[in-house]
Amino acid sequence: MGRTIALANQKGGCGKTTTCVNLGASLAEEGYSVLIIDLDPQANATIHLGINIHKLNGSIYDVLIGEETDITSIILNTPIKRLKIAPSHINLSGAEIELVNTIGRERVLKEAIFPIKDAYDYILIDCPPSLGLLTLNGLTTADEVIIPLQTEFFALEGMDKLLKTIQIVKEKLNHNLKITAITPTLFSKNTKLAQEALKKITLHFRDEVTSTIIRRNIRLAEAPSHGLPITVYAPSSHGSLDYKRLALEVIKR
Ligand code: ADP
Ligand code: MG
């Protein structure tokens, strides 16, 4: 059976999308079939995979809002073999409001992906930087969560709220949900601040923290503008090595 994993953290800029795309590409290169679901109206994951968001025939918005749209009809190929994407669109920003009066509004995505759940080894859901209805749909659909956590002074700020939200989803909507990994990101080994943040994260979350730490690497920041994951854009960079390592760790968890 396939695994469905949400990348979640209401903080923007902590590496959700970077992790989703590059972990996805690394898993695909290990031979697994992977689908990325882009749940962020900013469509960063979609753009990162070289998709022209102005020429889409359909997006995850149509799947969530247009009851007729079958998710298989919007899934696109990417530059990576075995890696596919269900693209996002800016009109997804209205979805939270449009869904408010829908019955079972937290379960719309779960129902939509039900027919394809076992067609992939991994489904990775890139959540937006909020704890709104889209993220709730992501957490209700997933079996697992990976939390990218930036190694900065404020690293733990906001984690209470995120963990509480995950707990509530687990109790009310998705009993099987579990936190698979907390992954430190944007780590600069030469700064004392980053080292202290990493120590704090490790002490606080212990076994949940991956032994893989994603280093700050300029190649990771450049890759999106080339429409390529790091495994192709700069295969021998630190960024590529870190995400390959993370993939191997996630496979075992
Ligand atoms: P989120 O999806 O959580 O908002 P992103 O993955 O988009 O965060 O990352 C925010 C910004 O930081 C992006 O410009 C991205 O390219 C950059 N970035 C993310 N991780 C790294 C890293 N390890 N090294 C360098 N830049 C990174
Ligand atoms: Mg993002």
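This section reports on the structure supplied with the text. (Residues numbered from 1 in each chain as written. Chains lettered and ligands numbered in written order. Predicted model: local features only at pLDDT ≥ 70, side-chain atom pairs only at ≥ 80, totals over all residues. Heavy atoms only, no water.)

### Some details on the site of ligand 1
- Taken together, 14 residues are adjacent to ligand 1, and Gly13, Lys16, Thr18, Arg215 and Asn217 come closest.
- Between ligand 1 and the protein, one listed contact pairs an oxygen atom with a backbone N or O atom of Gly15 at 3.1 Å.
- Between ligand 1 and Arg215, the relevant distance is 2.9 Å, taken from a nitrogen atom to a main-chain nitrogen or oxygen of the residue.
- When ligand 1 is considered free in solution it has 560 Å² of accessible area, and contact with the protein chains removes 79% of it.
- If you list the elements that add at least two residues to the shell around ligand 1, you get α1 (16–29) and α9 (218–222).
- At three residues, the largest contribution of residues to the shell around ligand 1 is made by α1. (Near = heavy atom within 4 Å. Polar contact = N/O pair within 3.5 Å; in protein donor to acceptor, adjacent residues only side chain to side chain. Areas by Shrake-Rupley, 256 points an atom, 1.4 Å probe, with all protein chains shown as cover. Helix = DSSP H or I, 4+ residues; strand = E, 2+ residues; numbered from the N terminus.)

### As for the sheet that holds strand β2 (residues 34–38)
- With mixed pairing, the seven strands of this open sheet are ordered in space as β3-β4-β2-β5-β1-β6-β7. A strand with exactly one partner marks an edge of an open sheet, and here the two such strands are β3 (76–77) and β7 (178–185).
- The sheet contact formed by strand β6 (residues 144–150) and β7 spans seven bridges and is parallel. Each bridged residue has a counterpart across the sheet, and for Ile146 the counterpart in β7 is Ala181.
- Running at roughly 150 degrees to strand β1 (residues 3–7), helix α6 (residues 133–141) makes contact with β1, β5 (122–126) and β6 of the sheet.
- Against the sheet, helix α7 (residues 159–172) makes contact with β6 and β7, and its axis sits at roughly 175 degrees relative to β6, the strand it touches most. (Pairing = 2+ DSSP bridges. Contact = heavy atoms within 4.5 Å. Axes fitted to C-alpha atoms, helices over the stretch in contact; angles between N-to-C directions.)

### Points about the side chain of Thr151
- Examined against the element boundaries, Thr151 turns out to sit in the loop between β6 and α7.
- Only 2.9 Å separates the side chain of Thr151 from the backbone oxygen of Thr185, close enough to count as a polar contact.
- Aside from chain neighbours lying at most four places away, what touches Thr151 is Pro184, Thr185, Leu186, Phe187, Ala194, Ala197, Leu198 and Ile201.

### A closer look at α1
- The end-to-end C-alpha distance of α1 is 20 Å, a good match for the 20 Å that 14 residues give at a rise of 1.5 Å each.
- Judged by how many residues are buried, α1 sits mostly within the fold: twelve of 14 residues are covered.
- For α1, the complete set of buried residues consists of Lys16, Thr17, Thr19, Cys20, Val21, Asn22, Leu23, Gly24, Ala25, Ser26, Leu27 and Ala28.
- The first or second residue beyond α1 is Gly31, which carries a positive phi of 105 degrees. (Expected span 1.5 Å × (residues − 1). Buried < 20%, exposed > 50% of the residue type's maximum accessible area, 1.4 Å probe, protein only.)

### Regarding the packing of α1 against helix α11 (residues 238–252)
- Here α1 crosses α11 at 75 degrees, and the two axes come no closer than 8 Å. Between α1 and α11, the interaxial angle falls into the category roughly perpendicular. Every residue of α11 that contacts α1 at Thr18, Thr19, Asn22, Leu23, Ser26, Leu27 and Glu29 is listed here: Tyr243, Lys244, Leu246, Ala247, Val250 and Ile251. (Parallel < 35°, antiparallel > 145°, perpendicular 65-115°, else oblique.)

### A few points about the packing of aromatic side chains
- Summed over the entire model, instances satisfying the criterion amount to two aromatic pairs.
- Relative to Tyr122, the ring of Tyr32 has its centre 5.4 Å away and its plane inclined at 90 degrees; by these criteria the two rings are edge-to-face. Taken together, the residues Tyr32 in the loop between α1 and β2 and Tyr122 in strand β5 connect sequence positions 90 residues apart.
- Of the residues examined, Tyr122 reaches a relative accessible area of 4% and is grouped as buried. (Phe/Tyr/Trp six-rings, centres within 6.5 Å; stacked < 30°, edge-to-face > 60°.)

### Details of the packing of α6 against α7
- The contact between α6 and α7 brings their axes to 10 Å, and the two run at 55 degrees. With respect to α7, the axis of α6 lies oblique. Crossing angle aside, the handedness with which α6 passes α7 is right-handed. Contact with α6, carried on its side by Leu136, Leu139 and Thr140, involves Thr165, Ile166 and Val169 of α7 and no other residues of that element.
- Split by residue class, the contact of α6 with α7 holds four nonpolar, two polar and no charged. (Left-handed = near helix turned anticlockwise from the far one by under 90°. Nonpolar A, V, L, I, M, F, W, Y, C, P; charged D, E, K, R; others polar.)

### Regarding a nonpolar patch on the surface
- A cluster of nonpolar side chains, contributed by Phe153, Phe154 and Leu193, occupies part of the molecular surface with about 340 Å² of accessible area.
- With relative accessibility at 51%, the residue Leu193 sits in the exposed group. (Patch = residues over 30% accessible without salt bridge, like charges linked within 9 Å, V, L, I, M, F, W, Y side chains within 5 Å. Salt bridge = Lys/Arg side-chain N within 4 Å of Asp/Glu carboxyl O.)

### Looking at the pairing of β7
- Counting buried positions along β7 gives six out of eight residues, so the element sits mostly inside the fold.
- A crossover links β6 with its parallel partner β7, the connecting element being α7, and its sense is right-handed. (Right-handed = clockwise from strand over helix to strand, strands pointing away.)

### Here's the deal with the pattern of salt bridges
- Per the stated rule, a full pass over the model turns up eight salt bridges.
- Close ionic contact of Lys117 with Asp143 constitutes a salt bridge, the shortest N to O distance being 3.0 Å. With Lys117 in the loop between α5 (108–113) and β5 and Asp143 in the loop between α6 and β6, this pair connects stretches of sequence that are 26 residues apart.

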